[in-house]
Amino acid sequence: MRPLRALHALRDGVTDDSLRVAILVGLATVPFTVALSWDPIADDLVAGGSVSGAPLLLAGLLVGYYYSDRETESRRAGIWTGLAASIAAVLVVVANTVATIVSEPSQWAVVAVIGTPFVLALGVGVVVLFSMVAAQFADWVTTRLRRAHRAPDVSDDGGSTVPDPKWRTILAAYVLVAPPVVGSVLLEIPAGGAGFVFSVLGLLVLVPLSVVALGALFADATAPRSSKTDCVPNALAYVGAPIGTYALVYAVAALRGSGHPDGYAIYAFIGVLWIAAVVYLFNRHRYFDAGGSAVRQLG
């Protein structure tokens, strides 16, 4: 019964006009994914390597943005984008199996043939899940950036919407933690001492905390606020500055032949994010927490 239901669901999805864009976007990723995943594995043999996720990520984000203001849920659209895009994963897995049969001993060829159906099922599932999550994320970001969400009509009693205080707490924690950790690294504390251990542990905490802080900054800046009583922060400026700095520093370091461009980019990202968090918290306290009433575009 379940296989029949699955077939009916596939038929309904393929014939659903509202999912046409999602399916076409997924199909468009197939040649790019295959091209990026095609690796030489022997002198005279070329086959699929690991599946590249960059085209799928871009497709999921595009689909989430496109369906954010449509009746079809971005979650459903993302699933169908992933199903269409999974054709590339199937081609890569089959190519790997064929390459194994041709180039490896017979026992490994048998293992590859037996394991292929399981790898295919896992690969398709991962692609669909990845696409769905990317689409939902893009939908969430797009929805929060809309003016109708960020500055809803004032209620009859003139009250205002209060942003979740946990985002402010996360930002404050980041502002306090970042300077001593980065300072200990820049001072080049010798290995083996307690200060070195603090630096290593601090970085292990600070790097994921910076990602969480970036999300908290975006969530708080895009929280609904009364259009008459609260400030409307420029969320793209606050969040875009750290991300843009990371991309710029990484590109410059890579072009100059640096051995670790990601390291320079991460430190630049942390520094600019710290400045953005400090400025945002100051403006938040000045125009919102302290009871400011003017509508301002903070940037």
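As annotated in an unreviewed UniProt entry, the protein chain carries the name DUF5518 domain-containing protein and comes from Haloterrigena gelatinilytica.

Grouped together as the largest cluster of nonpolar side chains are 25 residues, with contacts concentrated most on L171, Y174, L206, L217, I270, L273 and Y280. At 8 residues, the largest contribution of residues to this core is made by helix α8 (residues 194–221). Setting aside its immediate chain neighbours within four residues, Y174 contacts P179, L206, L209, S210, A213, I270, L273 and W274. Formed by 10 residues, the second largest nonpolar core is a distinct cluster that contains A22, I23, A77 and A84.

Once that is clear, we can look at the side chain of S74. Counting through the fold element by element, S74 comes out in helix α4 (residues 74–103). Residue S74 is classed as buried on the basis of its relative accessible area, which comes to 5%. A polar side-chain atom of S74 sits 2.8 Å from a polar atom in the side chain of D139.

Right, let's get into the side chain of R284. Take R284: it is sitting in helix α10 (residues 261–289). A polar side-chain atom of R284 sits 2.8 Å from a polar atom in the side chain of D220.

This part covers the packing of helix α2 (residues 20–37) against helix α3 (residues 54–66). Geometry of a packed helix pair, given as the angle between the helix axes and the separation of the axes. Following both chains from N to C, one finds α2 and α3 inclined at 165°, their axes separated by 9 Å at the closest point. Considering their axes alone, α2 and α3 lie roughly antiparallel with respect to each other. Seen from above, α2 lies across α3 with right-handed handedness. Residues V21, A22, V25, T29, F32, T33 and L36 of α2 pack against P55, A59, L62, V63 and Y66 of α3.

On to α2. For α2, spanning 18 residues, the distance from its first C-alpha to its last is 26 Å, which sits close to the expected 26 Å at 1.5 Å a residue. The sharpest bend along α2 measures roughly 30° and falls at V30, with the proline P31 sitting one to four residues further on. Among all positions in α2, only A22, I23, V25, G26, T29, V30, T33, V34 and S37 are buried.

Definitions and cut-offs
- Residues numbered from 1 in each chain as written.
- Predicted model: local features only at pLDDT ≥ 70, side-chain atom pairs only at ≥ 80, totals over all residues.
- Heavy atoms only, no water.
- Core = buried A, V, L, I, M, F, W, Y, C linked by side-chain atoms within 4.5 Å.
- Buried < 20%, exposed > 50% of the residue type's maximum accessible area, 1.4 Å probe, protein only.
- Helix = DSSP H or I, 4+ residues; strand = E, 2+ residues; numbered from the N terminus.
- Contact = heavy atoms within 4.5 Å.
- Polar contact = N/O pair within 3.5 Å; in protein donor to acceptor, adjacent residues only side chain to side chain.
- Axes fitted to C-alpha atoms, helices over the stretch in contact; angles between N-to-C directions.
- Parallel < 35°, antiparallel > 145°, perpendicular 65-115°, else oblique.
- Left-handed = near helix turned anticlockwise from the far one by under 90°.
- Expected span 1.5 Å × (residues − 1).
- Bend = angle between axes of the 7 residues up to and from the residue.

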